[in-house]
Structure formats: structure tokens, C-alpha cells
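If you want the building blocks of each chain, they are given just below.
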Amino acid sequence: MARFIKKISQTAGLSPGALVHVGERSKQPVKITLLDYDHNNLTEKEIKDIKECFSFKDTATVTWINIDGLQNLELIENLGYHFDVHPLVLEDILNTGQRPKYDDFEAHIFVVLKMIMFDEQAKEIVSEQVSIIFGKNFVISFQETQGDVFDSIRTRIRNNKGRLRKMGPDYLAYALMDAIVDGYYVILEKMGDKIEVMEEDLVSNPDPKMLHKIHKLKNDTIYLRKSVWPLREVVSGLERGESALIKRQTHIFLKDLYDHTIQVIDTIETFRDMISGMVDIYMSSLSNKMNEVMKVLTMIATIFIPMTFIAGIYGMNFNHEASPWNMPELGWKYGYLGVWVVMLCIAGGMIMFFKRKKWF
Amino acid sequence: MARFIKKISQTAGLSPGALVHVGERSKQPVKITLLDYDHNNLTEKEIKDIKECFSFKDTATVTWINIDGLQNLELIENLGYHFDVHPLVLEDILNTGQRPKYDDFEAHIFVVLKMIMFDEQAKEIVSEQVSIIFGKNFVISFQETQGDVFDSIRTRIRNNKGRLRKMGPDYLAYALMDAIVDGYYVILEKMGDKIEVMEEDLVSNPDPKMLHKIHKLKNDTIYLRKSVWPLREVVSGLERGESALIKRQTHIFLKDLYDHTIQVIDTIETFRDMISGMVDIYMSSLSNKMNEVMKVLTMIATIFIPMTFIAGIYGMNFNHEASPWNMPELGWKYGYLGVWVVMLCIAGGMIMFFKRKKWF
Amino acid sequence: MARFIKKISQTAGLSPGALVHVGERSKQPVKITLLDYDHNNLTEKEIKDIKECFSFKDTATVTWINIDGLQNLELIENLGYHFDVHPLVLEDILNTGQRPKYDDFEAHIFVVLKMIMFDEQAKEIVSEQVSIIFGKNFVISFQETQGDVFDSIRTRIRNNKGRLRKMGPDYLAYALMDAIVDGYYVILEKMGDKIEVMEEDLVSNPDPKMLHKIHKLKNDTIYLRKSVWPLREVVSGLERGESALIKRQTHIFLKDLYDHTIQVIDTIETFRDMISGMVDIYMSSLSNKMNEVMKVLTMIATIFIPMTFIAGIYGMNFNHEASPWNMPELGWKYGYLGVWVVMLCIAGGMIMFFKRKKWF
Amino acid sequence: MARFIKKISQTAGLSPGALVHVGERSKQPVKITLLDYDHNNLTEKEIKDIKECFSFKDTATVTWINIDGLQNLELIENLGYHFDVHPLVLEDILNTGQRPKYDDFEAHIFVVLKMIMFDEQAKEIVSEQVSIIFGKNFVISFQETQGDVFDSIRTRIRNNKGRLRKMGPDYLAYALMDAIVDGYYVILEKMGDKIEVMEEDLVSNPDPKMLHKIHKLKNDTIYLRKSVWPLREVVSGLERGESALIKRQTHIFLKDLYDHTIQVIDTIETFRDMISGMVDIYMSSLSNKMNEVMKVLTMIATIFIPMTFIAGIYGMNFNHEASPWNMPELGWKYGYLGVWVVMLCIAGGMIMFFKRKKWF
Amino acid sequence: MARFIKKISQTAGLSPGALVHVGERSKQPVKITLLDYDHNNLTEKEIKDIKECFSFKDTATVTWINIDGLQNLELIENLGYHFDVHPLVLEDILNTGQRPKYDDFEAHIFVVLKMIMFDEQAKEIVSEQVSIIFGKNFVISFQETQGDVFDSIRTRIRNNKGRLRKMGPDYLAYALMDAIVDGYYVILEKMGDKIEVMEEDLVSNPDPKMLHKIHKLKNDTIYLRKSVWPLREVVSGLERGESALIKRQTHIFLKDLYDHTIQVIDTIETFRDMISGMVDIYMSSLSNKMNEVMKVLTMIATIFIPMTFIAGIYGMNFNHEASPWNMPELGWKYGYLGVWVVMLCIAGGMIMFFKRKKWF
């Protein structure tokens, strides 16, 4: 359940803007990396003391500060203070139960999104909140734990290939969002494969565990949907927004990102439709199985019950000697054989009846 | 049902604006508390006679009058008269079956919302109507009973920490609403935990009582939804509204409140999805159980019915002496043993048949 | 079905505006009452000849003409002619299968709504069409039969208390609509009580008649919804409309009426949700009952079938004298007792098996 | 299926505007009737050669050309050419799988709608496409076959009563559309009666054929919905449209038509809701029946199986002579009677058990 | 699953605009055909080297370059470079998991749509992405494999009949889109026929394989819907768009295309409704079958079980000689016949009981 609702109640009663870290506390230390670049120069270093960053704030170069881990409140408060970030924004960064959203403060834009990963242990999808603040010449990104999908971007910056080093912080922020959305595809493919495997299994052998797997998958799509659906508004808001921080040439990339987001949402909706169809198949497979069980029972019972009755008849002890009307068949020459013939006829008749009913 | 529809019919036929208290009558006396503050000064007292409040109306300080209990109509009428409140508003305050809403009268803004609590006795969610009127320098809040979620706000006012003492009545009204919405999270977490427990129980032992629990939970989400959904419009209306009563710096806090409301609604929708999935699981667990019962019956019956038939055959009394064709088997040396062998073969065959069908 | 679709086909092929009364014909005579008032004076009389009304048309006082019964076409045509009502409006008044709607003709406003009542005989909800035309200083209301929810309004006019006598025909029209909407609450409460009773009954003893009751209730909500849903647009249209006929101070009352309408719709939707949940419970209760029946059958059968088989074995007539291998048990000293022991063991084993399966 | 999707693929690959008649080919010859009228004069004749019509095009009188049968492509092309109709419009007229729609070409307005009839043979609803083109002083209507709902309009024109002869082609076009919508009510009533009958049948005896009837009815509502739903936009488009071809005084009639269309759609939606409720009832009736069958089986089986077991016991052949422990009961004085008493007690106990379970 | 989600994750981490072909790689070589025409002249040739095309870019004639196969990245990059196509567009062309969309770059318009085909092998619907770029005097179309629905267009160009040769590249682009949408009708008819066949089969013999067919059909509609639904926005966007590239006279054709698209979507929705109705029928047919099986079992069992019991009674060995109370019936004159009479009465009574219950 933890993944559906964070324990935000911890902050209930606190003053708005009060900083409390809501979420699982990472045990790794906070790690700060700084990349400062323009088309020609590149500085890259790991930061120990957050104050080292402040000097980069007003340089003409693009500065990307990435912070892994939210447990150090003082650090974040300090950073927020120096980059003029509103306390409510800092609260949102720490409170990891946010819905994807963006806020346009004139001096900077604040974006929250969800990085989706597959937790191999719990066999379910989990998410990590990524917050991005970008201003005129800086980008600050916050993650809950170390390990992310941004390595390819770092490589592209270092290699100085492509557009990245030539463009501003708005493009870098776009690139970060794009990397996160690209990560969704990986998850969707994994889910797609699972659905495919399950659909085949449902046909061959539907067992009760299957439903729980379907249910888990369904919860995964619910979760994914909750994480991705609001992103649509975020990206379209950024694209159509009037912020001077987003340059004209970046708009087409945001449009492209928007298309990707819609594609992801489309696929999630398709998965939902397919999974709900699978529940139908499962339910009817159950009914089918019950039908089959009932048929076997009915066939055996209807064949043998009349025969057993006949056998019962001739097991009666009516006294033939007291009255010739009593069970004369017992003394007939072919009485026993005749009974067998009658019983086999009954059995044969029943089998023909079942054949005609197409029960087997 | 009382929680879904208040006995508003009591007011049918009355003139609009006629004051009738609709709702459960609290047995406690009405309690009025007054807090009057600016950045430097603070007056706090419990009011016995409502007239004491009137002098505070036009002071430059912020005055917060909180009224617990709606049973004293005269008091409310009096207060309404002095603070120029429209009779329809007074009617809405007393008629506790309101939908969350807000109305902008130029001199003041009227907001109705629902405080949600968990009723431990009835094991269900209940709500209490909170009405807030705020004007240029006063906030009046009405509650149905004593006991609320506003204590933290009182503490913050007394401590003079944070923003609260520096800002106006619009911020105080926001703080009250924020406290109520924070209260929703507590309820949502409780529900989330319940859902989690139930999902596990459904897998291990689905019993008929479970469905009633699910049904109750579903009714709770329906109720919660009804109470929270309209809040979205209320908050967004306040945020985007043009009222001069809401100052510019408060807007960002209302935006934040709006985000929280959306998050709450999102979570409720997620719960609805999950609960409806649980009904599916429950239904199929029932089918599974029936399947299992049928299998046991079928196995026992199909193994023993043919064997009983054979035993019946050799219980027949055909007279071997009358005709050598009658039941010669009875006199064979290994007849009895042979019958046992045949019967065991049938039993074995059946068991193999079931194994192949994967029935156990 | 009559309540879901009126026999409008009677008018098919007629010229638009042709007057035909569609609906159940009341057997009572048409009754016309007239109330003419301003703040100081009040005239109230029952009208025999419609022409008596015409003189009131252009007086400065507010004139309310109420007509119970639509069977007198000539009367209505006459009235329509004198008050300049468009023939299509007259057609709509007579054709009682209308959807709630309003039309703004500059000289007057035409509103159609549905008065809802509970028909004790048919045990279902029925509605009556009420049409209201109000102009600069008159209100004309049409009802299908005598007996209505307007008595409280008449009393308020006579008593000259409250706002009613001080305000114009727009406020009177509002008061009529408000009285009708207040009537909805009475019906909703009745339905709410029914739902509550049913929910409890479903738990204690679900029988097949229950489903028909649920179905009837569901049809009632469908019907109610159909009657109330369009009212939302009507009221919001009147409130936001620009008509000079609706004075500024009436708008806040229309807003209040709008809130009530929304509340009614909300409650209907909630009822729909709850009723659909009840069908689920009913279905699963059926399955549960079947499960229980099957369990009893299976337990009896699985306990006795093997035992009967053993009894059958020793009922066989194999000839011990012909061969010592044939049924030596029959001659053992404790053979009979031993068979009882074996059979009791089987029964006990089965019972333990069922206990472990938690079948009872 | 033909009614859900016309074989439009015939036109695939053709140039847009290419004329191909898509739909069932009528075997009757094409029939053209012409009505030319103003307030004072009326010409009515059946046309053999389409060229006779052309002279009426520019007269001041209103000309209504009605064409029954679409199989003569040349005729339609000719007509289209003389009345300046766009080839795409002609294509739409011939391709009878159109959705209701309207197009405003300045010189004329083109409207497509569906005339609904009940096919007594196939026991299902079918539709016929009616296309209407109206310009400054002409109306051309196209139908697939002879036989229509326009007779009342012809009569009204001939009688020169009502508004029709005084108004222009826009009013005639409205009257045609109104006649078609009036025809929907006839169908809806027929469906309503069917639903009512079925609901009662479902209660008294639900048999498998019932579901197919429900399914057919459901497909009928799907079909009806598909035919009527887009009409809403068409009529509201015409009403709010700015076309000079539609005079001011016609707007109120279009508004009235719009109200009728909404009423039709409302009723269809209500039917859908009711039919889906019927499927629920049917399903649960099936379950109920199964329950009843199972109860009978279980009662018979549980009463007789234990008794048969006891009879089996005393059918065993244990040798009393070999050992006094073997079946001494057989020699008791009241052994046989005692066994009967025991068996009757078992039967009675079972019956009481069933009574307590309320199984009958 | 491949058809629901392409392996777009291959591109994750790449710079936006990086060219990677996502989709099944065709084994045929890339085929380029060029058609250059105006009203009087026509050049048609197969291109080996893409550079041959470049000279046609700025001629006044309309140039249509069609490329079958996307595996040659260099070729596409080259072409893109010469026709000033944005790298993101090239990426979209190659990444065949696009949603239908259009982008308006001033110099050209880019449209992506899906060509739908029925894969006879997999017995399911598959799609192929078609990308169209059209500028002032050129149209470039990209397909994944050879074989398309454009042959009729080529023929119309060669024949110089109709409008095609007289109009510009916008009309050609429209014609290509129209051909693709026409192709949808072919698929819809095929699906419609399948649904019809299935509906009949469901009635006559519902077997478990049926559900899988229904499920497959349902997945097909989900897939189709996903491919077609966004097309609506694309076409309406092009029609209402302000691009100078789309001439005034083309708008009416786009409007027509829009109508077709809506029709296709309508039909898909109708199919969805019908298919979901089929699942209901299937489920209830299963229940019916089970009912029938149960009835047979119950009838056989309830007729024979009591009779077998009676036979069992008289198979008991109570010693008549030891006591005259023991089984005197065995010595009666008509004892045996009497037992037969009793048993036949029981059987007859049971059969009458079943008749009254209408079980057969």
C-alpha cells in the first residue's frame, strides 16, 4: 500500500513550507554532483560541501547540480535559500508523495515527475520522485536514491556531441524529462511481455494463482497510470507556456516529449483493456472446468445408478417358494444373462444420449 | 443512510433563508472561542455572550471567532446580522447536508467544507460540516461539535512562529482549510491499510463476511468521494478568483492546497479501482472453492459407484441350481478375489484419469 | 413503461404547435386559482371563466394564475392568446413528456419541470409535469392534476411574512421551483431508507424477490435521474441568463436553488453506486448459498458412498463352500464387528478431512 | 451485420466524388414527385423526365422535389449538375452508410438523416437514409425506397392550413426533419412495450431464448443510438448556424426539434440502462434455477443415501452360525421394525435440518 | 504483443533526433518511386540513387516520392537534409510506434498514419506506419514494406482523369490519406462478418474456444481503436488549420475525410459494444449448459435413488423364521409385484414433479 499513499499525515498540523522528509529514508549518504558547461568548457566534480555550488549560480555557463538523497534537510534548505526557491517548493521536493506537476515561478520553473522502476524483489513497479528546478543558467535535480537514468545524458555532455552542449538549461531540463519518459517504455515492454505470457497461460491452464497475478498486474497499471497521467498536463503546460525561460527552439522538443507521453498513456490504457479482458477469460475458464467436472460426475452417475438399481432388484429375498409370483426371473434359464443384456443396453443408451448432447 | 442524505425535508416548505438546524443535535453547549491577533499582540478568550465579539469586527487586527455547535439559532442569527451575512448563508451553515462550495459576497467569502473522521463505533467514515466566513479582518468558523483539527493552528498563532501572525484573515482561512485537507490523509492511510490487509485475507481465506467488509469499504469511498470531489472546484475557484479579499501572496498557498486536494481525489479513485478488483477476486475465489468441493464429490462418487455396482451384481440371487447359466462366477475358485482385482483396477484407473486431468 | 415514454406518437404528423394533450387525462374538472398581490394588497379567488384573468394582465401587482388539469384545450389556447404565448410553448405545456427545460422569450420566460411523487399503489416513483410562464408582472403555472407542493407558498403569500410579497414574479417563479426541488428531498429520503433496509436484508436472507426489488429501485433512480438531471442546466441557465425579467436580487436565490439541484443529483448518483454494489452482494450471496448446498451434498455422499460399497461387498453371494478363497470373512468370529470398525474409521476420516478443509 | 456497416469498400480506390450507389438496390423504379407552392398557388405532379424540374429552380415559389430510389445515377448526376450540388454531396447521397450530418454550402444546405422503421420480417430495427438539400427556393429530398413519413406534410401543403404554405423552404426542410424525428417516437414506444413485456417474462419464466431477445433488443438500441446521436449536433448546428438560408422565425422551430432530439436520445439511454439491468436479472434467475435443482438433488440424495446404507448393512451375509457376534440383529424379534424406525428417524431428521436451513 | 508496443526502448538514452529504425526490418531492398506531374506532363520512374530526386524539389510540378522500406538510414538522412526536414521528424518516421499525428512546420506538413491490414497467418489485424511530408510542390511518403493501397492513386494520376492532376500536393496528400482510410472499411467489413458469424455460432454451440475468438476480436478492436482514434484530431486539425500549404478547395475534401474517419470510429465503438454483449451471451450459455447437465444428473438420481433404496430393503436378511415380525412381505403372494408397483409409482411421481417444474 505504501506505494499508493505515502505517510503524508506526518506533516499534518505543520506549518505549510515546514520541511519534513516524507518517504523511505535512504541509508546511503547524500551525493551531490556538479556539471558546469558551455559549448567549449566542461567542469565536472563531486561536491562535499553544498556551498561550493553557490559560486556557479550566476556564471554564464549552464550549471547542473544533481542531488541523490533527500535526508539532509539542512543542505536542501541552504540550497533553496541561495537559489531563491520558495519554501513550498522545498516542501514538495521532500514530500515524495507528489503528483507530477509544474510551477512557473518567474525566476525558475519547478517540475516534479516520477521515475519508474521494476522492483525485482517485490515483483512490482515502484517509483522514485525526481524534482527539477531550472532557471536562467542552472538546473538542479533531486532524486530519492542513487542510481538513475541520467547516465546517458552525462555521457552526451562529456562527449560534446549532439545539441546538448550548445543549448541552455531549458534543453537540459527537457533532456532529463525525456530520459525519464524513455524509462517508461522499458517498463511498458516488460509489462507487455508479462501480459502476453499470461494470455497464453490462461488458455492452457488457468489456476487460481493466475488471478492474483492478473490482480497484481492490474494494480501495477493503476499505479503506473497514477504516475504518468498527470505528466501529460505538465508537458503540455510547459510547451504552451509563455515562460521566457523556455526558448523557442526547445518547444519542438517538448512537443515531441508530449507525443511520447501520450503514447505511454495510450499503451497503459490498452493494457488496462486487455487485462480486464483477461479476467473475463479466467472466470469463464473456471466455469468451463466446473462444467467438465460436472459432466464426468453426471456421466458416471447416470450410467451406473440405473444398473445398480437393477442389481438391487435381483438381490431382494422375496420367497419364490411361498408364491410363484415372487421373482420367477431368478429361476429362468437365461435370467442372469438377460439382466446383463438389459444393463448393457442401458449403459449403451446413456452413452449414445451423451454423444448426441455432445458431452464428450 | 443518515450520512448519505440529511433530513433536509424538514425545511421543505419553509421560506428560503429560514433558519432550521438540520443535522444531529449536539448535547454539549455551544462553545465560542475568540482569537484576536496581529504580529505583535494576541488576545485569546472564551466568549459567553456573543455580543462581546462585535467590538472586534472593525479593528485592524485579525479576529478569529470559532463556534462549536449549531443548536443556538438566535446566536447565529445575531452574529449573522452584525457581520452582514446573507440569510441564505446562515441557512447553509445550519443545514449540514451541504456540498462543499464557496460563495463570494464582496464583503466576505463563504466556504463550506467537510471534516472527515473515522467513527470507531460504527466502523465507518463520518463527516462534520465546517463553514468558514472570512472578510477584511475577521474569520468566523462554524463546526457541528467540539473537537477539531485546528489545534495545531491555535498553537502556531500562540507561538508566533511561521507566517501565520504576519498575514491576514485570508491566510488564516487557508490554514483552516489546509488543516482539514491534511486530516483527509490520515483517513486515506487508514483505508489504505485496511485494503492491504483485506487483499491478503482474500487470498488466504475468502469468507462471506469479507464481501460485506468490501462493500462497507466501497461505501466509504463513495462517501469520501462525495465529500471531497467538489472541494476541487472550491479551491481552484478561490485560487483563480478575483476577490480583493485574497491577497496575492496567499495564491501560491491555495495552489498548494489545490495540489493536495487533487492528490486526495487521485488516491480515492485509486482505492475505488482496487476495491472493484477485490470484488472480482472474491467472486472467483468463491468459484474456486465450489470447484474444489465438486471435485471431491466427483472423485469419491466416480470411484465408488462402479465398484458398488459390481458388488450389487454379485449380491443378486439368481438360482444357479435352476440353470448353470445363472451366475456361475459365484462358484469359481478365485471368483471373490477376481472381483476385488477388478474393482481395484477400476479405482486405479479412475485415479489415473483424475491425475491426468490434474484434478489433484 | 408509460412513465419512461409518453405516447407522443399521437402527435406525429401534426403541424408543430398543434395542441394535443399527451398524458393521462385527469377526471377532475380543470381548476383555476388566481392570486394577485403586492406588498399591501392581496386578492385571492377561484376562477370559473378564464376571461376573468385577462384584466389582471397589465396591472402593476403580481398575478399568479395556477391551472390544475390540462384537458381543456380551448381554455389554454385562449389564455395563451391573451398572454402572447408562442404556440410551440402551449404544445410543450400539453405534451407532458417534456424534458425539464427553459426558453427565454423576451416578454416572458417559460420553464418546464417535473414534480416527483411516490405512487403508493404501484410502489414506484411517478412524476407530474409543471410548466411555469412568468413575465413582467404575472406568473402562470400549469399542473396535470390537483394536489401540489405549493400550499406553503400560498400560506406565505397570505401571511405576508418573509420576502415573497415584497418581490416580483421572478421571485415567485423561483419559489415555485424551490418548492418542487424541496419535494425531491422527501423522495430521496424515502429511497435512502429503502436502500438501508435492503442492505440489511441482503445480509440476513437474500431471496430471489430481493433482486426484483433492487431492479425496481434501480429503475426508480434511472427515472429520477432522467427527471432531475436536465434541471441543472435549466437553473444555471436562468441564473447566468441575461434576461431583464430576473432581477439582480433574485440571482442569489437561483444560485442557492442550483446548489440544491446539484445536491439532489449527487445523491442520486450515490444511490446508483450503492445499488450497483447491492447487485454484487446479491449475486455472491447466491453463490454462497449454492456452495453451502453443495457442501452438504458432498459431505453426506462422501461419507456414505464408501460405506455402502463395503456393505455391498459383504452382500455378495460368492459360494464359500465351493472354494475356501470365496469370502472367508463372512465366517470370521469378529467379521461383522470388524466391518463396522472399518466403516466408522472411514466416516471419521472423512469428517476429519472436511474439518481440515474448513467445510464446517 | 449489413445494417451496422454498409459495403462502402466498393468505393475504395475510386476518386472522391465518384458516384456509386452503396446500399440495397430497390427493385421499384425511381419515382419523382414535385410540389411547387406559395401561399396561393399549388402545383403537384409526378415527374417522368428529370428535366421537367429544372424550370422550377429559379421561380419565386417553393419547389419540393422528392426522389424515391437512388439506383439511377445519371438522373442524380443531372439533377446535381443543374442545382449546383458539389460532387461530394452527390456521393454522400448515394453512399447510404452516412452518419447524420449537415454541410453548409452557401447556396444550399445539405442534411443527411436516418428514417427508422421496424422490419417486421427480421424483427429488428432498420433505417433508410434521407438526404435533404434546400436552397433559396427549393428543397430536394432523396430516399432509398418508396414509402415514407412525409404524407402528413403533403396533406398539410394541399390543405393550406397552418404555417407551411406561408413560409419558405427552410421551414419545409424543418418539417421533413420533424416528421422523421416524430417517427422515432413510434419506434421508441414499440421498444418500450417490448422491454416492459420482457421484464415481466423474466420474472415469471426466464429461459435461454430470453437472453437472445435481450441481446437483439440491445443491438437495436446500439443501432438506434448510432443513427440518432449525431442528429443532436446536426440540429443544434442548424439552429445556431449563421446561414442566411434559415430565416429568423424558423429558429424557434429548430430549437423545438432539438428538444425532441434530446428527448429521443435520453429515452434511448434510459433503455440501455434498463436492458443492462435485465441481463443482471436474467443471470441471477439462472443461478436461482440452478440452486433449486441442486437443492432437490441434495435433499433426495441426503435422505436416501444413509437409509440405503443401512439396508445394505443388513443385506450382508455374515454367518451367524459361525459366530454369535455376526449380525445377531437379524434374529431379533423386532429387528426389522427397528431398522424401519431408525431409517424413518434419519429421514425425519434430514427433513428438519432442511426446514431449519429454509431450503423449502 | 509486438503490435501493441514497439521496442522503442532501443532508443532510450539516445540523443533526441538520433536515427534508429524501430520496427520489424523488412528483408526486401528499399524501393523508391518518383512521380512528377502537372496537368499536362507526367514523369514516372524508379529511383536507384536518392540524389536523382533532389533536382525535382524546386520544379513547379508536383513531385511524389514514395519510399518503401525504412532500413536505409543514410538514404533517409540524406533526403531529410535536402528537403529541410527536422531531425525529430526523421526520428518519428523511423520509429514506427508512432501515434497518428501531424505537425505543421511552415515549409512543410508532416503527417503520420497507420495503414491497417489483416495478417492471414496470425489471424489478426496488423498495421504499417505511413509517414507523409508535403510541401509547396512535393509529397514524400514513407512505408515500412512494399505493397500498399496507393495503386488506385497511381492509376488515377496516369489516366489523368478526375481532379488529381489539376490540383496540388495538398490534394495528393489528401488522396493518400483517403486511400488509407478507405482501407479501414475493408477491415471493418471483415470484422463485421466475423462478428455476425460468431453471434450465430454462440447461439447454436458455445464452446470454450469461442471465448478465445471473442477475446482475439476484442483485442483487434482495441488495436484498431488505438490506431484510428487519434486520426480524428489529425484530420480535423488539418482541415481547420491555417496552413498556407492547404488550399481552400482542398478543405471540403478534408471535411469529407473527417466524416469518414468519424464513421470508422463510430463503427469500431459499435463493434466494441456488440463484442461485450457477446461475452455476456457466452457466459450465460455456459451457465445454461451447466444447468442442463445438472438437471439430467438430478433427474436420474432422484428417480433411481429411492427405488434402489426399496430394493435394498428387501435385500436384507432378517430372519423370518426367528420372528414373524421380520420381513413378512417376503412371503406375501404379491409381494414382489407390489414392490414393482410402488417403485413405478415413485418413478412416475418424480417425472410428474419434474414436468410441473418444467425441467424438460
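Residues numbered from 1 in each chain as written. Chains lettered and ligands numbered in written order. Predicted model: local features only at pLDDT ≥ 70, side-chain atom pairs only at ≥ 80, totals over all residues.

## Observations regarding the overall build of chain A
Helix and strand content of chain A: eight helices and seven strands. Expected size for 360 residues packed as a compact globule is a radius of gyration near 21 Å; at 36 Å, chain A overshoots this value by more than 25%. A principal-axis box enclosing the C-alpha atoms of chain A has dimensions of 125 × 45 × 30 Å. By residue count, 46% of the 360 residues in chain A fall in the buried class. For chain A, contacts bridging at least 24 residues in sequence account for 68% of all contacts bridging at least 6. (Helix = DSSP H or I, 4+ residues; strand = E, 2+ residues; numbered from the N terminus. Rg over C-alpha atoms; globule rule 2.2 N^0.38 Å. Buried ≥ 20, exposed ≤ 12 C-beta atoms within 10 Å, placed from the backbone. Contact = placed C-beta atoms within 7 Å.)

## Focus on the relation of the copies chain B and chain A
Overlaying chain B on chain A yields an RMSD of 0.1 Å, the required transformation being a rotation through 72° with an accompanying axial translation of 0.0 Å. Taken together, these values place the two copies in the relation of a five-fold axis. Among all residues of chain B, the minimum C-alpha distance to the rotation axis is found for Gly315(B), at 4.6 Å. Take the interface residues of chain B: only 14% of them recur as interface residues in chain A, which is what a contact between different surfaces looks like. (Least-squares fit on C-alpha atoms with pLDDT ≥ 70 in both.)

## Overview of the sheet that holds strand 2 (residues 42-47) of chain A
All names here are of chain A. What the seven strands build is an open sheet, ordered 2-1-3-7-6-5-4; its pairing is mixed. Edge positions in the open sheet fall to strand 2 and strand 4 (101-105), since each of these has one partner strand only. In this sheet, adjacent strand axes meet at a mean angle of 15° when their direction is disregarded. When strand 6 (residues 124-135) meets strand 7 (residues 138-143), the two strands line up antiparallel, connected through four bridges. Its bridge partner lying in strand 7, Ile 133 is registered against Ile 140. (Pairing = 2+ DSSP bridges. Axes fitted to C-alpha atoms, helices over the stretch in contact; angles between N-to-C directions.)

## Regarding the sheet that holds strand 4 (residues 101-105) of chain C
Residue and element names in this part refer to chain C. Strand order in this open sheet of seven strands is 2-1-3-7-6-5-4, and the pairing throughout is mixed. The strands lining the two open edges of the sheet, one partner per strand, are strand 2 (42-47) and strand 4. Neighbouring strand axes in the sheet, compared pairwise and without regard to direction, differ in orientation by 15° on average. Pairing between strand 4 and strand 5 (residues 108-119): five bridges, direction antiparallel. Across the sheet, Lys 101 pairs through a bridge with Val 112, a residue of strand 5.

## Quick notes on the interface of chain C and chain B
Taken together, the contact pairs 58 residues of chain C with 50 residues of chain B. If you list the elements that add at least two residues to the side of chain C that touches chain B, you get helix 4 (151-159), helix 5 (169-204) and helix 7 (248-313) of chain C. The element best represented in the side of chain C that touches chain B is helix 7 of chain C, accounting for 31 residues. Each residue belonging to the side of chain C that touches chain B can be placed in one class, and the counts come to 24 nonpolar, 21 polar and 13 charged. (Nonpolar A, V, L, I, M, F, W, Y, C, P; charged D, E, K, R; others polar.)

## Details of the interface of chain B and chain A
Counting from both sides, the interface comprises 58 residues of chain B and, opposite them, 50 residues of chain A. Breaking the side of chain B that touches chain A down by element, the ones donating at least two residues are helix 4 (151-159), helix 5 (169-204) and helix 7 (248-313) of chain B. A total of 31 residues in the side of chain B that touches chain A trace back to one element, the largest contributor, which is helix 7 of chain B. For the side of chain B that touches chain A, a count of residues per class yields 24 nonpolar, 21 polar and 13 charged.

## Notes on unusual backbone geometry
All names here are of chain C. Although it is not a glycine, Met 327 sits at a positive phi angle of roughly 45°. The topology assignment puts Met 327 in the loop between helix 7 and helix 8 (335-356). A count of 25 C-beta atoms within 10 Å places Met 327 in the buried class.

## What to know about the environment of Tyr37(D)
All names here are of chain D. Counting through the fold element by element, Tyr 37 comes out in strand 1 (residues 31-37). For Tyr 37, a count of 19 C-beta atoms within 10 Å translates into the label partly exposed. In this structure Tyr 37 touches Leu 42, Thr 61, Val 62, Ile 157 and Arg 165, once residues within four positions along its chain are discounted.

## Observations concerning the pairing of strand 6 (residues 124-135) of chain E
Residue and element names in this part refer to chain E. By the criterion of burial, strand 6 is predominantly enclosed, with nine of the 12 residues buried. Pairing of strand 5 (residues 108-119) with strand 6, which is carried by 12 bridges, proceeds in the antiparallel orientation. The residue bridging Val 112 from the neighbouring strand is Ser 131, located in strand 6. Between strand 5 and the antiparallel strand that follows it, strand 6, lie four residues; Lys 123 among them carries a positive phi value of about 55°. Between strand 6 and strand 7 (residues 138-143), which pair antiparallel one after the other, the connecting turn spans two residues.

## A short note on the environment of Thr59(D)
Residues and elements named next belong to chain D. As for its position among the elements, Thr 59 is in the loop between helix 1 (51-54) and strand 3 (62-68). When the 13 C-beta atoms within 10 Å are taken as the criterion, Thr 59 is described as partly exposed. Placed 78 residues apart in sequence, Thr 59 and Asn 137 show a C-alpha to C-alpha distance of 7.4 Å.

## Topic: the nonpolar core
Within the largest apolar cluster, 397 residues are counted, with the highest numbers of intra-cluster contacts made by Val111(A), Val111(B), Val111(C), Val111(D), Leu176(D) and Val111(E). With residues near it in sequence (within four places) discarded, Val111(A) still touches Tyr102(A), Ile132(A), Ala173(A), Met177(A) and Val234(A). Ala311(A), Leu297(C), Ile305(C) and Met299(E) belong to the second-largest nonpolar core, a separate cluster that totals 110 residues. (Core = buried A, V, L, I, M, F, W, Y, C linked by C-beta atoms within 7 Å.)

## Thoughts on helix 6 (residues 208-240) of chain E
For helix 6 of chain E, spanning 33 residues, the distance from its first C-alpha to its last is 49 Å, which sits close to the expected 48 Å at 1.5 Å a residue. At Lys226(E), helix 6 of chain E shows its largest kink, close to 30°, and the proline Pro230(E) lies no more than four residues downstream. (Expected span 1.5 Å × (residues − 1). Bend = angle between axes of the 7 residues up to and from the residue.)

## So, the confidence of the model for chain A
On average, chain A scores 86 in pLDDT, and the residues at 70 or more come to 95%. This complex was scored by the predictor with a pTM of 0.84 and an ipTM of 0.79. (pLDDT = per-residue confidence, 0-100.)

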